[in-house]
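Coordinate analysis (summary)
Listed below are the residues making up each chain.
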Amino acid sequence: MNIRRFILIAVPYAWLLALFLIPFIIVFKISLSDLALSIPPYSPTAKDGISAMFKAFDLENFIFLASDDLYWRAYLSSLKIALISTILAVLVGYPMAYGMARAPEEWRPTLMMLVILPFWTSFLIRVYAWVGILSNEGLLNQFLLWLGIIDAPLTIMNTTTAVYIGIVYTYLPFMILPIYAALDRLDESLIEAAEDLGCSRLKAFWLVTIPLSRNGIIAGCFLVFIPALGEFVIPSLLGGSGTLMIGKVLFEEFFNNRDWPVASAVAVILLLILIVPIVLFQRNQQRQAEVES
Amino acid sequence: MRRASWFNITSLTLGFAFLYLPMVLLVIYSFNSSKLVTVWAGFSTKWYGELLQNDAFLNAALVTLKVAVVSSTLATVLGTMAAYILVRGGRFAGRTLFSGMIYAPLVMPEVITGLSLLLLFIGIGLDRGTLTIVLAHTTFSMCYVSVVVSSRLVTFDRSLEEAALDLGCSPFDAFRLVTLPIIAPAVISGWLLAFTLSLDDLVIASFTTGPSSTTLPIKIWSAVRLGVSPEINALSTIMIGIVTFGVIAASLISKRKAVKAQRDVRAAERAVT
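Residues numbered from 1 in each chain as written. Chains lettered and ligands numbered in written order. Predicted model: local features only at pLDDT ≥ 70, side-chain atom pairs only at ≥ 80, totals over all residues.

With that settled, consider the overall build of chain B. The number of helices and strands found in chain B is 11 helices and 0 strands. In chain B, the succession of α and β elements from N to C terminus is α-α-α-α-α-α-α-α-α-α-α. Taken against the 2.2 N^0.38 rule, which gives 19 Å for 273 residues, the C-alpha radius of gyration of chain B at 23 Å runs more than 25% over that of a compact globule. Expressed as lengths along the three principal axes of its C-alpha atoms, the size of chain B is roughly 70 × 60 × 35 Å. For chain B, restricting intrachain contacts to residue pairs at least 6 apart in sequence, the fraction spanning at least 24 positions comes to 77%. (Helix = DSSP H or I, 4+ residues; strand = E, 2+ residues; numbered from the N terminus. Rg over C-alpha atoms; globule rule 2.2 N^0.38 Å. Contact = placed C-beta atoms within 7 Å.)

Another point: the overall build of chain A. Counting its secondary structure elements, chain A contains 14 helices and 2 strands. A compact globule built from 293 residues should have a C-alpha radius of gyration of about 19 Å, whereas chain A, at 24 Å, is more than 25% larger. Counting all 293 residues of chain A, 44% fall into the buried class. The long-range share in chain A, meaning contacts at least 24 apart out of those at least 6 apart in sequence, stands at 71%. (Buried ≥ 20, exposed ≤ 12 C-beta atoms within 10 Å, placed from the backbone.)

Residue and element names in this part refer to chain B. Taking the UniProt record as the reference, the feature "transmembrane region" (unreviewed entry) is found at residues 12–31, 56–86, 98–124, 130–154, 174–194 and 232–253. As a span, residues 56–86 carries 100% helix and 0% strand, and end to end its C-alpha atoms are 43 Å apart. Measuring from the first to the last C-alpha atom of residues 232–253 gives 31 Å, for a span that is 100% helix and 0% strand. (UniProt positions renumbered as here; feature names shortened; annotations may be inferred.)

The next subject is the UniProt feature "domain: ABC transmembrane type-1" (unreviewed entry) in chain A. In this numbering, the UniProt entry assigns the feature "domain: ABC transmembrane type-1" (unreviewed entry) to residues 75–281 of chain A. End C-alpha to end C-alpha, residues 75–281 of chain A measures 20 Å, and it is 79% helix and 0% strand.

Counting residues at the interface gives 66 residues for chain A and 59 residues for chain B. Looking at the side of chain A that touches chain B, the element that brings in the most residues is helix α1 (residues 2–31) of chain A, giving 17 residues. The residue makeup of the side of chain A that touches chain B, split by class, is 53 nonpolar, 8 polar and 5 charged. (Nonpolar A, V, L, I, M, F, W, Y, C, P; charged D, E, K, R; others polar.)

It is worth spelling out the packing of helix α3 (residues 55–88) of chain B against helix α8 (residues 171–200) of chain B at this point. Residue and element names in this part refer to chain B. Their axes nearest at 8 Å, the elements α3 and α8 cross at an angle of 140°. By the angle between their directions, the pair α3 and α8 is classed as oblique. The interaxial crossing formed by α3 with α8 has right-handed handedness. Judged by residue contacts, T64, V67, A68, S71, S72, A75, T76, G79 and T80 of α3 engage V187, G190, W191, A194, F195, S198 and L199 from α8. Split into classes, the residues belonging to the contact of α3 with α8 amount to 8 nonpolar, 8 polar and no charged. (Axes fitted to C-alpha atoms, helices over the stretch in contact; angles between N-to-C directions. Parallel < 35°, antiparallel > 145°, perpendicular 65-115°, else oblique. Left-handed = near helix turned anticlockwise from the far one by under 90°.)

As a further point, take the nonpolar core. The tendency in soluble globular proteins is for nonpolar side chains to be buried as a group. The biggest cluster of nonpolar side chains holds 145 residues, and the ones touching the most others in it are L250 and V266 of chain A together with L115 of chain B. With residues up to four places along the chain from it excluded, the contact list for L115 of chain B reads V27, L250, F254, A263 and A267 of chain A together with F207 of chain B. (Core = buried A, V, L, I, M, F, W, Y, C linked by C-beta atoms within 7 Å.)

Now for unusual backbone geometry. Comment: phi is negative for the bulk of residues other than glycine, and the bulk of peptide bonds are trans. All names here are of chain A. The backbone phi angle of N158 is positive, close to 65°, even though this residue is not glycine. Within the element layout of this structure, N158 appears in the loop between α7 (139–147) and α8 (160–185). Positioned with a positive phi, R258 is a non-glycine residue whose angle comes to about 55°. Looking at R258, the number of C-beta atoms within 10 Å reads 12, which means it is exposed.

With that settled, consider the UniProt feature "transmembrane region" (unreviewed entry) in chain A. All names here are of chain A. Per the UniProt annotation, the sites labelled "transmembrane region" (unreviewed entry) are residues 6–28, 81–98, 110–131, 162–183 and 263–281. Between the C-alpha atoms that bound residues 6–28 there is a distance of 30 Å. The span itself is 100% helix and 0% strand. Counted over residues 162–183, helix gives 100% and strand 0%. Its end C-alpha atoms are 30 Å apart.

The next subject is the environment of I238 of chain B. Residues and elements named next belong to chain B. Position of I238 among the secondary structure elements: in helix α11 (residues 230–272). In this structure I238 comes out as partly exposed when scored by C-beta crowding, with 14 C-beta atoms within 10 Å. Counting along the chain gives 116 residues from I238 to I122, while the straight-line C-alpha distance between them is 36 Å.

Bringing the environment of V187 of chain B into the picture now. Residue and element names in this part refer to chain B. By secondary structure assignment, the location of V187 is in helix α8. For V187, a count of 19 C-beta atoms within 10 Å gives the class partly exposed. Each C-alpha atom of the pair V187 and G79 lies 9.0 Å from the other, and the pair is 108 residues apart in sequence. Those residues within four positions of V187 in sequence are excluded, and the remaining contacts are T76, T80 and V149.

Let us look at the environment of L12 of chain B. Along the chain, L12 of chain B turns up in helix α1 (residues 6–29). Of the residues examined, L12 of chain B has 22 C-beta atoms within 10 Å and is grouped as buried. It is 33 Å that separates the C-alpha atoms of L12 of chain B and S44 of chain B, two residues lying 32 residues apart in sequence. With residues near it in sequence (within four places) discarded, L12 of chain B still touches M96, G99 and M100 of chain A.

We now examine α1 of chain B. Side chains that are three or four residues apart share a direction in an α-helix, a result of its 3.6 residues per turn. Here α1 of chain B contains 24 residues, and its C-alpha end-to-end distance of 32 Å stays within 8% of the 34 Å for a straight helix at 1.5 Å per residue. Among the residues making up α1 of chain B, those that are buried are S11, L12, G15, L19, P22, L26 and Y29 of chain B. Each element contacted by the buried residues of α1 of chain B is listed here: α4 (69–102), α5 (108–120), α6 (123–134) and α8 of chain A together with α11 of chain B. (Expected span 1.5 Å × (residues − 1).)

Quick look at the structure:
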């Protein structure tokens, strides 16, 4: 029986160690190596011996990252884009979650399914769908020109605006679901009590509903912000060459410039930046679990 | 209070229009006979015909399906094991590290996961191809499976397992005969989640694939980089159709099961009283 238990633990444990933890250690190691014209394109490799490896390690790549303002701008603009997209997602997602929670009981499973359904469809296709809409001769511009609102097509494609639209669109379900869960649990007699005590509906919403759904909002924000920060597909497809995001820089550094040590250093710093929101998110989830139990 | 106000109806209508309009337009324009994707020139299904003749896409679809089936099955087995350990396993050495490794891939940017796995495969001299994509997909999707399954394991009544053990079941039999049937819906949705994640993945597959095995998302990606193409619209429509059909069918089945379960409970209550 103890052997069974050991196998049960050892198999997934070993799998994750080998294919999750060790790869990270390798990334970390290569970020300290030098670029070399060989395959694999970095030195020293493990073949040179452990002690030679440690002697040759230095922070050169990180110093390079710090001195080249391309990387600074990429990190800052990723943070900015992720932050603004998250705020936009709250503004779009909250009214929807609110509407769902206030909808008649029998509609709610269907509304729920409608929110989840896009999540099951291909992410790439959903982003791609916007290319035909946002481009200069795209459907949005055709529509606006037809309405007579604009005289010349708007340039949305290949701008940061397109990236915002793409991020909000793809991650909206992640924002709606936790907020909906929080609003669904909300005791409505509290709002009625506030209104009986003289609050206007708007004031009751502001003073009761929003604070009580705070945890849902926070969870939703993290669920949008964290993946948006390292996003690659959306800025590459909708943002064009002008949009700088760190996921894209990493991808290009690796595949186009073939500079593995610098790509690894970019990855290490991205990870360090992500640790803060991830830890905060974990804390938020734990606190919520404690409140519920 | 539970009535639909104008504000709520408007926000839901606009919100769902935002979520669905792009996909609806994509589907409509896949039936456009013009090569210019944004100019409507009449109804036609010719792009579907061309798609079926495109061997590169069909091969890529086949590779993707193979990878998805194998990796999601492996991920379901490993993820269920991991969930069982986390919820029922009690204390063991390195438990914190283990649960960290389960949750970390969920928030890890795909570019980092892909990069790190590629560096590993090159480091150990494993040729990149279908096998490496399967290994990569299994690793991140097992974490999703384990989260789905453990949320079910947490809520279910442990005394049922204990009863089976008391009545002489071995722990393995107790798992097979009691636990597994109860968590089966979560295991199935875990498999489905792993399957769609694998079908959908572009970034990790781009890092871990070799020249011999191109998956469908990689193929689509290289096509859409050049702009909108009607063939891709047709392909997207087929994929959207399959998913819509699958999700609606699954929700109808689970609804019918829930109704049946309710009826059984009521029948049992009547029998008792």
